[in-house]
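Residues per chain, in single letters:
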Amino acid sequence: MRTNALWATALVVIATLIVPRAHATHQVNSWDTPDGARVLFVEDRTLPILDMRIVFDAAGSRDGDLPGLAMLTNGLLAEGAAGRGAQELAERFESVGAQFDNGSLRDMAYVGLRTLTDEKYLGTAVNTLAEVLTRPDFPQAAFDRELARMKVAFQARLQSPAEIAEEAFFKALYADHPYAQPPGGTRKSLEQITLQDVEAFYQQYYVARNASIAIVGAVDRAQAEQIVNTVLKGLPAGSRPEPLPPVAALDRAQTIKINFPSKQSHIYLGQPGMRRDDPDFFALYVANHPFGGGGFSSRLVGTIREDNGLAYSVSSYFSPMREKGPFMINMQTRADQTDQALSLLQAELEKYVAQGANREELERSLSNITGSYPLSLDSNSKLLGSLAMMAFYDLPVDYLDTYIANVRKVDQNAVRQVLKTRIDIDKLVTVIVGNGGS
Amino acid sequence: MRTYIVLIAAATVVIGLTLFVFIADQQPEEVVSEGEVQSLELKNGMKVVVQENRRAPVVVTQVWYRVGGSYERAGITGISHVLEHMMFKGTEEMPAGKFSEVIAEHGGRENAFTSKDYTAYFQRISNEHLELCLSLEADRMRNLLLSEDEFLKEIEVVKEERRLRTDDKPTSLTYERFYASAFANNPYRKPIIGWMEDLNSMDIDDLREWYQTWYAPNNAILVVVGDVRAEEVFSMAKEYFASLKPADIPELKPRTEARQYGIQRVAVKVPAKIPFLVMGYKVPVLNTADNSEEVYALELLAGLLDGGNSSRFSKNLVRGSQLATSVSANYNLYALHDSLFTLSAIPASGVSTEQMESAIIEQITEIQQEPPTEAELARVKAQVVASSVYEQDSSFYQAMKIGILETVGLGWATMDEYVERINAVTAEQVQHVAQKYFVEDQLTVAVLVPQPIDGQTLAGDALGAGDRHAH
């Protein structure tokens, strides 16, 4: 393994050759592969590295009757591919210092790679990623093992009041919609999933037309295209899955209390919120900011934490998804003050929905959102996350460039309007997990 | 949120004095420049370290204080972290909450964290607002109001934080008892967030004393990383911090861990679903080691066991014997005092913590008996070298490294040695440190023993020192 040692030495040289660079705009390149996968690419030569993420509409919302299937399929990709076992695949990535990552929640399932761009390492890293993505073997032994690990992870969720609360919240919000199901699976589904289910899921969803790709790093457009082609060329074109059903509005308010021997009660409050391509996206995002999205400057932190010392963490947010993601308010408080904290929180929400933001706090929020925008794009990894999101949700290629202008368009009227039309104060789901729930 | 960082590693002993005492007025202000990092010491003893990075028009500022959980004595545990919360509660110039508001208005993000060996405050903001950050930090370094009204509310927030992060998390509780059991007198035995009883009895006078004792320019380091010019940062730093008066910073008493005479075991029985195991061997850190080669060998050993999916733990315990659901090794070489090399695991279903422990010991024994292969070593080294490039993607991380190295007394330049020192480690050195330090008499083992959750409500005191208010 002499070669490995040599690599390590060569890597040191690279590490010392990094040149600083002086610009901050991001030229986003966009193209479709011959099979119809959308690619977003930013060339950035600050560091001799490449970040890449390939996202599929192949996550929990595609689980069907078998929650956990998407996560298991995603987790098995690197556990055996192209005739290589998990150990060999891991050694191929890691011997060139590359980092493979993957994940699957409700909307997005992805594989990703961070690698050095020197040709000595890049080829091995990219080829191994291609094998993992396009030629997984799904060995029976790996299936059994990973399924067993998911069952332990399921048990771990049952000892966390936060996870119990979140799961109950999604279930109440989404009823029959796929978003209701836990991406990590249920006790029942984890007993039912078979290897054949995994193989069929992979065949259906891991196809070129269902892929969205983000690339950032020290390669030019031609190299980027070549890398994308190398990674995807083994995938059949396939087709995009049917659109998810829309999320139904809640027809009533609901309170769910679950007893749990924790010192704190975990409280979730909310309802279905907005889609990623929602016409009200910017208005809702801005509207939430002064209320519970602006950290220490928000009303919720001011009232619940700063004025009354009732919680360490309290916040609200709209989580935008393909279909309506949740609007949720989340807080934890000592069990015996659950009612007090919840009443305060409800009162704040009612007042805010009725009155909206005052001029000053809205102006502060707008300054914060627009002023801090460069902070959300100041590294390759952050930029990669934004590009992957844009590619997956079919956002326009100028999304980053127009972001600040879109935020600035939201005024007091728009905030008041959108709070009234999009938050139904009479149909909220409230979940309380803890002794306060007894 | 005001957060604290629990470094998984802990440690023992001693570096006493010299590290913490800066002698005012004796050193000329001279800029030391090396590579991209430049540093300057003000006449009042405050150190300023700048790393220029022009990739985006933003800047990270961090003010670090040499104080944290390991500086605390019994009865006031958690006070460094409570003081961190209080640092947002106002000065004459900036009333409570105003600090955060002003930074937010200027498009900044800010927060703070407390660890065993340091407390740090940071802003991430457009580079044009650097001066604002420095002026605000200078103000609260010496002019904090520490009002009792604010304290009485904030201490409740901290207790909620403790409930959230520790009391209601079985694995966190296990770690807390693990450290408390591992060390007899090394200060890393105490939780950073503090024992609940200490939080209950803490008062504003405790906080005032702590602030007066430790918050002074000669106990602080300003770290700035981003699209700035070092000379400008230095002149701004002089403008805002140079007039602050230094204080007599106490010398830390030695806290060398008393000898351990045999294996130590502790069980944590709380409502939970899955068992958990933490093991730790007493080890030196860069600050305390007689031979720094050993420290880098321990670091490499951690990578060998748990660095990536090809590491020994993944290969042998997750995939091979399938005894572990997950298993990890942790070692932190940058600490004030001696530390623990920890090994933790969630066993596979049906596997006991005893079986898990034996399987981990077996992995250790293999390395003690047979040096690792060159291929394994090369792979760990390749990952270390590549990571040293990847981590430059984050200005915040770069600033963190500088701050940690400065506050534990090693100096920022130590980070430049890291890759070279790791690359120099031999298979025999790895085997040697495994033989020398991984001995049963230096081991502490903590296990989480799950108790039923369903339908059970625990009495108020069952999870820890009473949750009642002392006053």
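Residues numbered from 1 in each chain as written. Chains lettered and ligands numbered in written order. Predicted model: local features only at pLDDT ≥ 70, side-chain atom pairs only at ≥ 80, totals over all residues.

## Re the overall build of chain A
Across its full length, chain A holds 16 helices and 13 strands. For 438 residues, the compact-globule estimate of 2.2 N^0.38 gives 22 Å, and chain A sits close to it at 23 Å. With the principal axes as the frame, chain A shows a C-alpha extent of 65 × 55 × 40 Å. Residues classed as buried in chain A amount to 54% of the 438 residues present. The long-range fraction of contacts in chain A, counting pairs at least 24 apart against all pairs at least 6 apart in sequence, stands at 82%. (Helix = DSSP H or I, 4+ residues; strand = E, 2+ residues; numbered from the N terminus. Rg over C-alpha atoms; globule rule 2.2 N^0.38 Å. Buried ≥ 20, exposed ≤ 12 C-beta atoms within 10 Å, placed from the backbone. Contact = placed C-beta atoms within 7 Å.)

## With respect to the overall build of chain B
Each helix and strand in chain B was counted, giving 15 helices and 13 strands. Buried positions account for 58% of the 471 residues belonging to chain B. Partitioning the contacts of chain B with sequence separation of at least 6, the portion at a separation of at least 24 is 82%.

## Focus: the domain arrangement of chain A
It is common to give the size of an interface as the accessible area lost on bringing the parts into contact. Residue and element names in this part refer to chain A. The domain boundaries assigned to chain A delineate domain 1 (2-232) and domain 2 (254-437). Taken together, the 30 residues of domain 1 in the interface contact 31 residues of domain 2. Elements represented by at least two residues in the side of domain 1 that touches domain 2 include exactly β2 (38-43), β3 (49-56), α6 (161-174) and β8 (211-217). Tallying contributions element by element places α6 first for the side of domain 1 that touches domain 2, with nine residues. Partitioned by chemical class, the residues of the side of domain 1 that touches domain 2 number 19 nonpolar, four polar and seven charged. (Domains from an automatic or database assignment. Nonpolar A, V, L, I, M, F, W, Y, C, P; charged D, E, K, R; others polar.)

## Some details on the domain arrangement of chain B
Residues and elements named next belong to chain B. Per the domain assignment, the segments of chain B are domain 1 (3-241) and domain 2 (264-451). Taking only C-alpha atoms into account, the centre of domain 1 sits 27 Å from that of domain 2. Of the residues lining the interface, 43 residues belong to domain 1; the matching set on domain 2 comes to 38 residues. Breaking the side of domain 1 that touches domain 2 down by element, the ones donating at least two residues are β3 (37-41), β4 (47-52), β5 (58-65), β7 (119-126), α5 (170-182) and β8 (220-226).

## As for the sheet that holds strand β7 (residues 109-116) of chain A
Residues and elements named next belong to chain A. Pairing is mixed across the open sheet formed by six strands, whose spatial order is β1-β2-β8-β3-β7-β6. Edge positions in the open sheet fall to β1 (29-32) and β6 (99-104), since each of these has one partner strand only. The sheet shows a mean angle of 15° between the axes of neighbouring strands, direction not considered. Relative to β8, helix α9 (residues 221-232) is tilted by about 140°, and along the sheet it contacts β1, β2, β3 and β8. (Pairing = 2+ DSSP bridges. Axes fitted to C-alpha atoms, helices over the stretch in contact; angles between N-to-C directions.)

## A word on the interface of chain B and chain A
Contact with chain B, which involves 67 residues of that partner, is made by 69 residues of chain A. Among the elements of the structure, α2 (98-105), β7, α4 (148-167), α10 (312-320), α12 (374-390) and α14 (414-423) of chain B are those that each provide at least two residues to the side of chain B that touches chain A. For the side of chain B that touches chain A, the element with the most residues is α12(B), which contributes twelve residues. Split into classes, the residues belonging to the side of chain B that touches chain A amount to 24 nonpolar, 21 polar and 22 charged.

## As for the confidence of the model for chain B
Regions with low pLDDT carry predicted coordinates that are not meant to be interpreted in detail. Residue and element names in this part refer to chain B. In this model, chain B carries an average pLDDT of 90, and 89% of its residues clear a pLDDT of 70 or more. Low pLDDT (under 50) marks residues 3-28, which in the prediction has 83 contacts with non-local residues, meaning those over four places away or in another chain. Throughout residues 456-471 the model reports pLDDT below 50, and contacts reaching past four residues in sequence, or to other chains, amount to 25 contacts. Complex prediction metrics read pTM 0.91 and ipTM 0.92. (pLDDT = per-residue confidence, 0-100.)

## Description of unusual backbone geometry
Note: most residues except glycine have negative phi, and most peptide bonds are trans. Residue and element names in this part refer to chain A. The phi angle at Asp394 is positive, at roughly 55°, despite the residue not being glycine. As for its position among the elements, Asp394 is in the loop between α14 (380-392) and α15 (399-408). Look at Asp394 and you get exposed, because 11 C-beta atoms sit within 10 Å.

## Observations regarding helix α10 (residues 281-293) of chain A
Residue and element names in this part refer to chain A. Along its 13 residues, α10 runs just 14 Å from first to last C-alpha, ending more than 12% under the 18 Å computed at 1.5 Å per residue. For α10, the buried fraction is high: twelve of the 13 residues fall into the buried class. Those residues of α10 lying buried are Phe282, Ala283, Leu284, Tyr285, Val286, Ala287, Asn288, His289, Pro290, Phe291, Gly292 and Gly293. Note on α10: the residue one or two positions beyond its end, Gly295, has a positive phi of about 60°. (Expected span 1.5 Å × (residues − 1).)

## Topic: the confidence of the model for chain A
On average, residues of chain A score 93 in pLDDT, and 94% of them reach the 70 mark or higher. Low pLDDT, under 50, characterises residues 1-24 of chain A; the predicted model gives this stretch 49 contacts beyond four residues in sequence or across chains.

## Some details on the pairing of β5(B)
Residue and element names in this part refer to chain B. β5 sits mainly inside the fold: eight of its eight residues count as buried. A two-sided burial pattern is seen for β5, the buried positions comprising Val58, Val60, Gln62 and Trp64 on one face and Val59, Thr61, Val63 and Tyr65 on the other. Looking at chain direction, β5 and β7 are connected through eight bridges and run antiparallel. Bridge pairing in β7 places Val58 opposite Ser126. Bridge count between β5 and β8: seven bridges; the pairing is antiparallel. Considered in β8, the bridge of Gln62 is made with Val223.

## Regarding the environment of A:Ala90
Of note, A:Ala90 is situated in helix α3 (residues 86-95). Contacts of A:Ala90, omitting those with residues within four sequence positions, involve B:Gly308, B:Asn309 and B:Ser310.

## With respect to the sheet that holds strand β12 (residues 339-347) of chain B
Residue and element names in this part refer to chain B. The five strands lie next to each other as β9-β13-β10-β12-β11, forming an open sheet whose pairing is mixed. The two strands at the open ends of the sheet, each matched to only one other strand, are β9 (264-271) and β11 (324-330). Neighbouring strand axes in the sheet, compared pairwise and without regard to direction, differ in orientation by 15° on average. In terms of strand pairing, β9 meets strand β13 (residues 443-451) through eight bridges, oriented parallel. If you follow Pro271 over to β13, its bridge partner there is Gln451.

## Remarks on the environment of B:Lys153
Looking at the element boundaries, B:Lys153 is found in helix α4. Along the sequence, B:Lys153 and B:Met356 sit 203 residues apart, while their C-alpha atoms lie 44 Å from each other.

## Some thoughts on the pairing of β6(A)
Residue and element names in this part refer to chain A. Sheet topology note: the β6/β7 ladder contains six bridges and is antiparallel. Counterpart to Asp101 in the pairing with β7 is Gly112. Turn length for the β6-β7 hairpin, with the two strands adjacent in sequence and antiparallel, is four residues.

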